Amino acid sequence: MNAELGPDLTSDPLGWAHPPWTRAEAQAIHDLPFNDLLFRAQTIHRENFDPNRVQLSRLLSIKTGGCPEDCGYCSQSAHHQSGLKASKLMEVKRVIAEATKARDAGATRYCMGAAWRNPKERDMDAVVAMVEGVKALGMETCMTLGMLDLDQAQRLKRAGLDYYNHNIDTSERYYSEVISTRTFTERLDTLANVRDSGMKVCCGGIVGMGEEKADRIDMLVTLANLPEPPDSVPINMLIPIEGTPLGEAEPIEPIEFVRTIALARIMMPKSHVRLSAGRTAMSDEMQALCFFAGANSIFVGDTLLTANNPGEDMDSALFRRLGIKPMEREAQ
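Values in this document were obtained by computation on a predicted structure and should not be read as measured data. (Residues numbered from 1 in each chain as written. Predicted model: local features only at pLDDT ≥ 70, side-chain atom pairs only at ≥ 80, totals over all residues. Heavy atoms only, no water.)

Asks: Explain the nonpolar core to me, please; I cannot follow it from the model alone.
Replies: As a rule of thumb, soluble globular proteins bury nonpolar side chains together. Among the nonpolar cores identified, the biggest contains 92 residues, and Y73, M143, L156 and F257 are the most heavily contacted of them. The leading source of residues in this core is helix α9 (residues 254-267), at eight residues. Every residue in contact with Y73, bar those within four places of it in the chain, is listed here: D169, V178, I179, R187, I206, M209, L238, I241, T244 and L246. (Core = buried A, V, L, I, M, F, W, Y, C linked by side-chain atoms within 4.5 Å. Buried < 20%, exposed > 50% of the residue type's maximum accessible area, 1.4 Å probe, protein only. Helix = DSSP H or I, 4+ residues; strand = E, 2+ residues; numbered from the N terminus. Contact = heavy atoms within 4.5 Å.)

Asks: Honestly, the pairing of strand β9 (residues 297-300) in this entry has me stumped. Any pointers?
Replies: In the case of a regular strand, side chains alternate between the two sheet surfaces. Of the two faces of β9, the one holding S297 and F299 and the one holding I298 and V300 are both buried throughout. Inspection of the sheet shows strand β8 (residues 272-275) paired to β9 by two bridges, in the parallel sense. Each bridged residue has a counterpart across the sheet, and for R274 the counterpart in β9 is S297. With helix α10 (residues 284-292) bridging β8 and its parallel neighbour β9, the resulting β-α-β unit is right-handed. (Pairing = 2+ DSSP bridges. Right-handed = clockwise from strand over helix to strand, strands pointing away.)

Asks: What exactly am I supposed to notice about helix α1 (residues 23-30) here?
Replies: Each turn of an α-helix holds 3.6 residues, which means side chains three or four residues apart point in the same direction. For α1, every residue scored as buried is listed here: A26, I29 and H30. Each buried residue of α1 sits inside an arc of 105 degrees when the element is viewed along its axis, so together they form one side. Packed against the buried residues of α1 are α2 (34-48), α8 (213-224) and α9. (Arc of directions from axis to C-beta.)

The values reported here are purely geometric and, on their own, carry no functional implication.
Here you go:
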């Protein structure tokens, strides 16, 4: 290893990617000169993905608001005065209709989210029907419904659910500063149930919540050191929402955000790294740097659950300027 440039990725494409990672190893890469960090991230990205293809996913809130959790960033928490009204679970037919429109617009993965602590038994039949209906459209399916026990995870797997999203949000150290109604260990337990059911894990976090650099690094160390790294790693930039405890949080510095993306790509070379919430606050140039750093998945559509998201026209225009094309739908 060159003391100044970090690990030699030409002889070992995965660099130091030999679990368990330590914070010291991860931080040494994170703190490389910016150009060296991006070079390493792009090198690894090219060894595992087409660098000019980005996966398009669509996210639908199938049950909005009224969540009993107190996540400090979330407008859907019943603990906060965000002005968001709670809704009932959407009808299955409507979800399938929305998924069909998303597929026809080029989305290859359809994600459905419900503002629950965990799904109730009375809702499972409808949730299963949604998965089966979206799967029948030839799309990858993803859901985020809160905590799952093993039986629920296995039932969703049998219905055809490909991915389950359950973010750890931040480092274990900083976690209690953001959430008090669910422990960090409980999040890891749900990830274990998803993994044991045979579904793919979608798990990432949120940056810009007042955490320290070490917390962002520790979050990625936790993800990379799971028994299997997540297949999909969403990195969200906090959208401060009025009425939530983090409504006036200071934004993360753009270069630091790009460093987080690059480190995620280096530590989890075969995962899709998704540039998720917060893109409305990013310039085209910042997004371009994120794609160069290894981000290769985005959400499309005007809304992300309850937050604004760049419109598809804006995404299409940016893709044309960068020479990026959507990933093609895999044969089912």
